[in-house]
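# Residue-level structure breakdown
Each chain, written out:
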Amino acid sequence: MTKTTTLPIRADQTLAWATLRQHHAQGAADFDVREALAGDAGRVAHFSQQIPHVFADLSKNRIDAAAERLLFALARETGFDARRAALFAGEPINSTEHRQVLHWLLRAPRDAAVPRALRADLDAVHATLDAMLAYAEQVRADHEITDVVNIGIGGSDLGPQMATLALDAFAAPGRRLHFVSNVDGHELAGVLRRLRPRNTLFLVASKTFTTAETMTNARSARRWFEAQGGSDIARHFAALTTNVEAARDFGITTTFGFWDWVGGRYSLWSAIGLPIAIAIGAGAFRELLAGAHAVDEHFRSAPLESNLPARLGLLDVWYRNFHGFTSRCVAPYHQGLRRLPAYLQQLEMESNGKRVDLNGDALPFATSPVVWGEPGTNGQHAFFQQLHQGTDVVPLEFIAVREAAHKLDGHQPKLLANAIAQAQALLQGQADTGGHKDFPGNRPSSFLVLERLEPASLGALIALYEHRVFTSGAVWGINSFDQWGVELGKVLAKDIEPRLASGDVAGLDPSTAALVRRLG
Ligand code: F6P
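Okay, so let's go over this structure. On a predicted model such as this, the values are computed, not experimentally measured, just so you know.

### Remarks on the overall build of the protein chain
Tallying secondary structure elements over the protein chain gives 20 helices and 11 strands in all. The C-alpha atoms of the protein chain give 24 Å as radius of gyration, which agrees with the globular expectation for 520 residues (24 Å, within 12%). Put simply, the protein chain has 520 residues, and 56% of those count as buried. The long-range fraction of contacts in the protein chain, counting pairs at least 24 apart against all pairs at least 6 apart in sequence, stands at 74%. Accessible surface, the protein chain as shown: approximately 22100 Å² in total, 54% of it carbon and sulfur.

Now the structure itself:
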């Protein structure tokens, strides 16, 4: 295996970067999308694209074809092609943890043509998938189990939770899924209050099986189970983890494993997806994987010019490093996608919220934007005011689903009309008498469309985001697959916890000491 830990050339030292700066200074900074749309009959077609299951219209963004060409050049100069090849070759591109990055292998079909070195991994993926899906079907057939509680946090919570909400229309009725992540006992206590041990299955989901929140919740769940007279742990607890031994030590014998080459935020395709499979069934789970795989193939093989994840990732670079936009708002116009912004927050900000490059050297330019959002139309009646008339420009990402899964009359056209109209309003603005009623317009947005929200299209949408994050991370020359930034707080919390009881504030700064005294 070749090593890909060093950076070919840092983005800001490339010719393309300098030319992009120039391009921005010489007009692109004031680029008016309205004029561009009026003056170029081909703009919408150029900036629109259909990939498997997802259509995207990027034409309302503050970018022209010249800037996009320069961004493609930037990607090439920074070694994007080689890094993408390294991802799919199974090289250890997560260099700080010396790990491969193979979440895409989790959705490769059994007979996919993969590098010889990954054949055994793919066989193991399918053996585990088959076992996990057989178990999911067993749980689905077991009518005594009415409640499934997923105990996990971060990637062991957000993905399965987001996906089960999104695919609720495909879920068999009569079984409730609960997600408990917070170490705040109010969450678990609130769920336990509604459960009976003999009707409950607890899934302890943790890649490491050491995460404090999850272990605390899992121990409390087991204590509650036993205190209520529950005894058959093998039937009522299952573990989803790479750390099978720790699960066994905990007393759980039903375990579905995965591998260290699956990052937590990329893990819903693995055993961590068991709650999804229990909700929608084995066949639909395989469709979710197939939708993602179709986008993997697109990302792997399409030239940059027609590679949607790459185009989106490069647009992110353009906005962050040249326009200086600091955040991106995601507005899914589908209630089922209400946890998508939270999911994307972890995906993008934990992946690309990095301040050093692959060599460990501080970067002189910005990386991950803040990603945030709420479903439409709710957001319109809350924070959209700022998007239309605030002092910051926040690129907005609409996600619309053409067909509804319900039959209620009149809702869907209203919903879709609102999505289109908001994008239109952001773009065109409105001149009034000046002052309060003026909308500046020229506020950028992207518009993604799914025909239906179904397993395959959801899989495709998520894979699109994963590869988009990969693209901007590759151009920035960072490791998108580690998360050292979460460690310090964990260590300090361990130190603070006993101090709350003892009142010992020795060695703490005065502000922290005061908080320990107040809350202890
Ligand atoms: O603390 C951050 C993190 O490591 C995430 O990356 C991860 O998704 C989450 O914690 C949960 O980790 P685990 O699945 O090992 O419990």
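### Remarks on the sheet that holds strand 6 (residues 237-241)
Overall, parallel pairing links the five strands, which are arranged 4-3-5-6-7 in an open sheet. Looking along the sheet, the strands with just one partner apiece sit at the ends: strand 4 (176-180) and strand 7 (255-257). Averaged over neighbouring strand pairs, the angle between their axes works out to 15 degrees when direction is ignored. In the packing of helix 8 (residues 185-192) onto the sheet, contacts are made with strand 3 (147-151), strand 4 and strand 5 (200-205), and the angle to strand 4 comes to roughly 160 degrees. Along the sheet, helix 9 (residues 212-227) makes contact with strand 3, strand 4, strand 5 and strand 6, crossing strand 5 at roughly 160 degrees.

### A short note on the pattern of salt bridges
Any two side chains of opposite charge can pair if their charged atoms end up close together. Inspection of the entire model under this criterion finds 32 salt bridges. Among the salt bridges present, the one from R84 reaches D81, with a minimum N-O distance of 3.2 Å. On the criterion of helical spacing, the pair formed by R84 and D81 is a turn pair, its members being three residues apart in helix 5 (residues 80-89). One continuous salt-bridge network, built from bridges that share partners, spans D316, R328, E348, E397 and R468.

### Section: the site of the ligand
In the vicinity of the ligand there are 14 residues, among which S156, S206, K207, T208 and T211 approach most closely. Separating an oxygen atom of the ligand from a side-chain N or O atom of S206 is a distance of 2.6 Å. Taking K207, its main chain carries an N or O atom lying 2.7 Å from an oxygen atom of the ligand. If the ligand stood free it would expose 390 Å²; the protein chains cover 88% of that surface. Among the residues making up the shell around the ligand, the classes are represented as two nonpolar, nine polar and three charged.

### Some details on the nonpolar core
Judged by nonpolar contacts, the single largest core of 115 residues is most densely connected at L74, L105, L274, F285, W318, Y343 and L458. For this core, the leading source of residues is helix 18 (residues 455-476), giving 12 residues. Membership of the second largest hydrophobic core comes to 22 residues, among which are V191, F202, A218 and A246.

### So, helix 1 (residues 15-25)
What sets the pattern is the α-helix's 3.6 residues per turn: residues three or four places apart point alike. Of all the positions in helix 1, only A16, W17, L20, H23 and H24 are classed as buried. Buried positions in helix 1, seen along its axis, are confined to an arc of 120 degrees and lie on one side of it. In helix 1, those exposed residues whose orientation departs by more than 90 degrees from the buried face are L15 and A25. Buried-residue contacts for helix 1 involve helix 4 (65-77) and helix 14 (308-323). Positive backbone phi, at 135 degrees, marks G27, one or two positions downstream of helix 1.

### Points about the pairing of strand 11 (residues 445-450)
For strand 11, the buried fraction is high: six of the six residues fall into the buried class. Alternating positions in strand 11 separate into two faces, S445, F447 and V449 on one and S446, L448 and L450 on the other, with burial throughout. Both strand 2 (residues 54-57) and strand 11 contribute to a ladder of three bridges, which runs antiparallel. Counterpart to A56 in the pairing with strand 11 is L448. In this structure, strand 10 (residues 396-401) lies alongside strand 11, joined through six bridges in parallel fashion. Counted as the bridge partner of I399 is L448 from strand 11.

### Concerning the side chain of S446
Examined against the element boundaries, S446 turns out to sit in strand 11. Aside from chain neighbours lying at most four places away, what touches S446 is D57, L58, N61, L315, L396, E397 and F398.

### Points about the environment of S267
Following the sequence through the fold, S267 ends up in the loop between strand 7 and helix 12 (274-280). For S267, a relative accessible area of 1% gives the class buried. Between the C-alpha atom of S267 and that of W104, which follows or precedes it by 163 residues, the distance is 9.9 Å. Excluding residues that lie within four positions of it along the chain, S267 makes contacts with G155, F258, V262, I272 and G273. Polar side-chain contacts of S267 include one of 2.6 Å to the backbone oxygen of G264.

### Section: the packing of aromatic side chains
Scanning the entire structure with this criterion turns up 21 aromatic pairs. Between Y319 and F325 the ring centres are 5.0 Å apart and the planes differ by 55 degrees, which places this aromatic pair in the tilted class. Classification of Y319 as buried rests on a relative accessible area of 5%. Given the relative accessible area of 9%, F325 is considered buried. Through a chain of ring-to-ring contacts, the aromatic side chains of F80, F88, W104, Y266, F299, F470 and F481 assemble into a single cluster. Lying across the ring of F299, R84 places its NZ or CZ 5.8 Å from the centre. Residue placement shows R300 over the ring face of F88; its charged tip is 4.6 Å from the ring centre.

### Re unusual backbone geometry
For the bond from G376 to T377, the omega torsion is 10 degrees, close enough to zero to count as cis. Within the element layout of this structure, T377 appears in the loop between strand 9 (370-373) and helix 16 (384-389). Its identity as a non-glycine residue notwithstanding, H98 has a phi of 50 degrees, on the positive side. Topologically, H98 is positioned in the loop between helix 5 and helix 6 (119-141). Assessed through its relative accessible area of 68%, H98 is described here as exposed. Positive phi, normally seen in glycine, also occurs at N442, with a value near 60 degrees. Mapped onto the secondary structure, N442 falls in the loop between helix 17 (411-428) and strand 11.

Cut-offs used in this document
- Residues numbered from 1 in each chain as written.
- Predicted model: local features only at pLDDT ≥ 70, side-chain atom pairs only at ≥ 80, totals over all residues.
- Heavy atoms only, no water.
- Helix = DSSP H or I, 4+ residues; strand = E, 2+ residues; numbered from the N terminus.
- Rg over C-alpha atoms; globule rule 2.2 N^0.38 Å.
- Buried < 20%, exposed > 50% of the residue type's maximum accessible area, 1.4 Å probe, protein only.
- Contact = heavy atoms within 4.5 Å.
- Areas by Shrake-Rupley, 256 points an atom, 1.4 Å probe, with all protein chains shown as cover.
- Pairing = 2+ DSSP bridges.
- Axes fitted to C-alpha atoms, helices over the stretch in contact; angles between N-to-C directions.
- Salt bridge = Lys/Arg side-chain N within 4 Å of Asp/Glu carboxyl O.
- Near = heavy atom within 4 Å.
- Polar contact = N/O pair within 3.5 Å; in protein donor to acceptor, adjacent residues only side chain to side chain.
- Nonpolar A, V, L, I, M, F, W, Y, C, P; charged D, E, K, R; others polar.
- Core = buried A, V, L, I, M, F, W, Y, C linked by side-chain atoms within 4.5 Å.
- Arc of directions from axis to C-beta.
- Phe/Tyr/Trp six-rings, centres within 6.5 Å; stacked < 30°, edge-to-face > 60°.
- Lys NZ or Arg CZ within 6 Å of the ring centre and 35° of its normal.

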